[in-house]
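# A structural walkthrough
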Amino acid sequence: MEGLPFLPGNTFVDPTKSKFHISQSLGYKNGYALPKRPERGVGGTQLFHNQLSESELDELANFSPTLTYGQAKQAPPAAFIPAHVAWDKKVLKFSGYYKQTVHESPEEYYRVRPVEIFYYLEDDSISVIEPHVENSGMPQGKLIKRQRLPKNDQGDSWHWKDINLGMNITFYGKNFHITNCDKFTSDFLESEGIIVNEPQQIPLDPYITKRAEAAALRTYDTPSSFDKLKQFKELDRKVLRFFCVWDDRDQMFGEMRPFVLHYYLVDDTLEVREVHTPNDGRDPFPVLIGRHKVPKNRFDLPSSFPSVVMEISDQEIKQYFTPKDFEIGKTLSIYGRRFLIYDCDNFTKGFYYNHFGTTNFAPVEVKGMAKELPKMEIAEYNNFGSIEDSLQSCNSLIPQPPKKDFIKMLENDHRELRFEAIMDTMRPEDKGRRFIITYRLADDMLTIYEPPVRNSGIIGGKFLERTRVAKPGSSLEKPLYYGPQDFYIGAVIEIFKHRFVITNADAFVLKYMEEHRGQFPEQTVSSVREKVGEYAGPQETMKGGPMKVQRQPGDLELMVRQVRAQLKKIAITDKARVDEMFLRYNNDRTGYIDINNLRDLCKRLQLPIDDDVLCAVICQITSDPEGRVNLEDFRQFIEST
């Protein structure tokens, strides 16, 4: 490697080299960093300092590259910056004044009005503004809005080079004297080679000076400890309230009427308000005497005052009502009306205790203040309609329907408790009459049906329409109605002066009582359980039908004959109607109808028979174990005697 020339392609990497770092070029001596040259270069060659001689260094210093390589390229010019960008938000501020001549005033001839002149460098515009002085009585603010101001008749405009301290400038015929400027303005003018003159003081205004001297010699009267301003600050929204009566019973149709007197401490005014009660027969005017200062004696006027043509003013009135004039038990005459103060509120009591030392605030007993209206009495129930409907006509002029319990109606929809009863009476013709009492759980209404009995002389059917029945002896304000707990075997129910004794119940009644044991006494449930039994027969095939009452064979046979008699009346008048009723339920054209169709048919004919009676009717019509009825058997059952 040492014999090869130092040319590209003749250098090789030293395979024995193990250190490839570059030595540092700074060293520290006495705490200072000093540059030092490495012993060898990057390529391994040794570096020496001061390798050039003094003559070579001088030659290099005098070396001019332009003589060898020619003229260098000219640098591009700097970017153009417009004036509105270079001078944006740079404003010169000058302070000065102008004199305003005052005409027709013996106290002053002119006024000195200070101004501030703003010069905007971006567009050479000028604005003149007069500082606002509070309560000066003169319009101040912007005198000349921002614009370029003409300097002469040749069309020249004012420039910042034309403005300096201590000189007069004319804007639109008004002379302004420049007295001072801010530091930015002075620095800018000096940087542009303009010598800034010494600042001056704005002269004093002789009128303002004269007013200041007069104000120094002016004397002031110390306000009283209770002036109007203090009265407003301390007594605003503080009102004395007195309860009084106006006794006018010495006049024809006069009476004693209650009023409330308000005394406003903030301005010593008072008002009198009426106390209205419901249906008192008076117009709804709340204020009897409006709020104003009320004189003690309005007619205490000099005899020479022309009251016919002039109104009374504050100069004629000598005394007004003050808090000292009000006292419990005292009678005041306000505009000819005598008001007796009999009580006041707690704030008024505290005010009189703190300011006047009053401790006796016992109210005065006033009799005959106002007549109490008679209370509305509910009229006696006339037994027409329900008690709730009759009560609505007493509560309002236009009766409204009574409110219903819709939750109860939804929960107990189509739920009915049926009981068998006999009439408890002394009449022999009414002792054998049977009734079916239906209690509807949705709205607590009762329905009484009397099954018709042949040759009894009494027309059966509905004995009582659906209605709520109140217990005997209950008041009209809070009536007590019959509930499910009042119906048990042996119970006596009085309905509109008719007494009924419960003798039997439906099987659904027992089921409902067992499901709601908390609502019924145990004796009621036991009495119904002992009386009601399960009926074995075609009833077992009824779909969804509840267990019905087990009756005596004689009673059951009697009710079957009554049903047959009602159906026979229809067949006598119109035989085709029997076939039509039967075929209406024979939708599948099998020639049979089941027990549910027969029950619906009886309801359409207004025959509300029980399920046990219906089962007995089916047993006499057909012997089918499934309880089905054909048309021919149905005809024979109706036509047989």
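Summarised in this report is the structure supplied together with it. Bear in mind the structure is a predicted one, so any value in this text is a computation, not a measurement.

Turning to the pairing of strand 16 (residues 434-440), a few remarks are in order. Among the seven residues in strand 16, five count as buried, and that is most of the element. With seven bridges connecting them, strand 15 (residues 416-423) and strand 16 associate as antiparallel partners. Along strand 16, the bridge assignment pairs Ile422 with Arg434.

Moving on, we get to the packing of aromatic side chains. What the rule picks out here adds up to 23 aromatic pairs. Ring centres of Phe242 and Tyr352 lie 6.1 Å apart, and the angle between their planes is 75°; this geometry places the pair in the edge-to-face category. Taken together, the residues span a long stretch of sequence, with Phe242 in strand 9 (residues 239-247) and Tyr352 in helix 7 (residues 346-355) at a distance of 110 residues. A relative accessible area of 2% means that Phe242 is categorised as buried.

Turning our attention to the nonpolar core. One finds Leu417, Ile437, Phe487, Ile495, Phe500 and Ile502 to be the most contacted residues of the largest nonpolar core, which totals 30 residues. Counting residues per element, this core draws most heavily on helix 10 (residues 507-515), at six residues. Not counting residues up to four positions away in its chain, the partners in contact with Ile437 are Leu417, Arg418, Phe419, Ala421, Leu446, Thr447, Ile448, Phe487, Phe500 and Ile502. Residues Ile593, Leu598, Cys615 and Leu631 belong to the second largest nonpolar core, which totals 27 residues.

A few words on the sheet that holds strand 10 (residues 256-264). Adjacent strands of a sheet form backbone hydrogen bonds with each other and so pair up, either parallel or antiparallel. Pairing within the open sheet is antiparallel, and its six strands lie in the order 12-11-10-9-14-13. Single-partner strands in this sheet number two, and they are strand 12 (287-292) and strand 13 (331-334). Averaged over all pairs of adjacent strands, the angle between strand axes in this sheet comes to 30°, irrespective of strand direction. Note that strand 10 and strand 11 (residues 269-274) share six bridges and pair antiparallel. Of the residues in strand 11, the one forming a bridge with Val260 is Arg273. Against the sheet, helix 7 engages strand 9 and strand 14 (337-344), with an angle of about 110° to strand 9.

With that settled, the discussion passes to the packing of helix 14 (residues 595-604) against helix 15 (residues 611-621). Remark: helix 14 packs on helix 15, axes separated minimally by 11 Å, with the N-to-C direction vectors making an angle of 115°. As far as their axial angle goes, helix 15 and helix 14 are roughly perpendicular. You can see that helix 14 and helix 15 cross each other, and the crossing is right-handed. Mapping the contact onto sequence places Ile595, Leu598, Arg599 and Cys602 in helix 14 and Asp611, Leu614, Cys615, Ile618 and Ile621 in helix 15. Looking at side-chain class alone, the contact of helix 14 with helix 15 contains seven nonpolar, no polar and two charged residues.

Counted by the stated rule, this structure contains 26 salt bridges. In this structure, the salt-bridge partner of Arg273 is Glu271, at a minimum N-O distance of 3.0 Å. In this structure, Arg434 engages Glu420 in a salt bridge whose closest nitrogen and oxygen atoms are separated by 2.6 Å. In this pair, Arg434 is assigned in strand 16 and Glu420 in strand 15, connecting sequence segments 14 residues apart. By sharing partners, the salt bridges in this structure join Glu122, Asp123 and Arg146 into a single network.

Turning our attention to the sheet that holds strand 19 (residues 492-495). Pairing is antiparallel across the open sheet formed by six strands, whose spatial order is 18-17-16-15-20-19. The open sheet has two free edges, formed respectively by strand 18 (461-467) and strand 19, since each of these has just one partner strand. Direction aside, neighbouring strands of the sheet carry axes that sit 30° apart on average. The sheet contacts of helix 10 involve strand 15 and strand 20 (498-505), and relative to strand 15 the element is tilted by about 125°.

This next bit is on unusual backbone geometry. Even without a glycine there, the phi angle at Glu104 is positive, about 55°. At Asp124, a position not held by glycine, the phi torsion is positive, near 60°. Its location among the elements puts Asp124 in the loop between strand 4 (110-120) and strand 5 (125-130).

In this sheet, strand 14 lies alongside strand 9 in antiparallel orientation, the contact comprising five bridges. Of the residues in strand 14, the one forming a bridge with Trp246 is Phe339. Alignment of strand 13 against strand 14, held across four bridges, turns out to be antiparallel. Along strand 14, the bridge assignment pairs Ser333 with Arg338. Taken together, strand 13 and the strand that follows it, strand 14, pair antiparallel across an intervening segment of two residues, in which Tyr335 is found at a positive phi of about 55°.

The interhelical angle for the contact between helix 10 and helix 11 (residues 522-531), taken along N-to-C directions, is 150°, at an axis separation of 10 Å. Regarding helix 10 and helix 11, the two cross each other, and that crossing is left-handed. On helix 11, the residues touching Val509, Leu510, Met513 and Glu514 of helix 10 are Thr524, Val525, Val528 and Arg529. For the contact of helix 10 with helix 11, the residue count by class is five nonpolar, one polar and two charged.

Definitions and cut-offs
- Residue numbering note: each chain is counted from 1, following its sequence as written.
- Under the rules for a predicted model, residues below a pLDDT of 70 receive no local features and side-chain atom pairs below 80 are neither given nor counted, while totals for whole chains, interfaces and linings still include all residues.
- Computation of side-chain values covers all heavy atoms of the structure but excludes hydrogens and water.
- For the exposure calls, accessible area comes from a 1.4 Å probe over protein chains only, and a residue counts as buried if that area is under 20% of its type's maximum, exposed if over 50%, partly exposed in between.
- In this description a helix means any DSSP run of H or I spanning at least four residues, a strand means any run of E spanning at least two, and both kinds are numbered starting from the N terminus.
- Pairing between two strands requires that DSSP report at least two bridges joining them.
- Think of it this way: a Phe, Tyr or Trp ring, Trp meaning its six-membered ring, pairs with another when their centres are within 6.5 Å, and the plane angle makes it stacked under 30 degrees, edge-to-face over 60, tilted otherwise.
- Residue types Ala, Val, Leu, Ile, Met, Phe, Trp, Tyr and Cys, when buried and joined through side-chain atoms within 4.5 Å, form a set referred to as a nonpolar core.
- The criterion used for residue contact is that any of the two residues' heavy atoms lie within 4.5 Å.
- To define axes, lines are fitted to C-alpha atoms, for helices over the stretch in contact only, and angles between the resulting N-to-C directions are given on a 0 to 180 degree scale.
- When describing relative orientation, an angle under 35 degrees is termed roughly parallel and one over 145 degrees roughly antiparallel, while 65 to 115 degrees is termed roughly perpendicular and anything else oblique.
- Left-handed is the label given to a crossing in which the near helix is rotated counterclockwise from the far helix by less than a right angle, and right-handed is the label when the rotation is clockwise.
- By the convention adopted, Pro, Cys, Tyr, Trp, Phe, Met, Ile, Leu, Val and Ala count as nonpolar, Lys, Arg, Asp and Glu as charged, and the other residues, Gly among them, as polar.
- By salt bridge we mean one thing: a side-chain nitrogen of Lys or Arg within 4 Å of a carboxyl oxygen of Asp or Glu.

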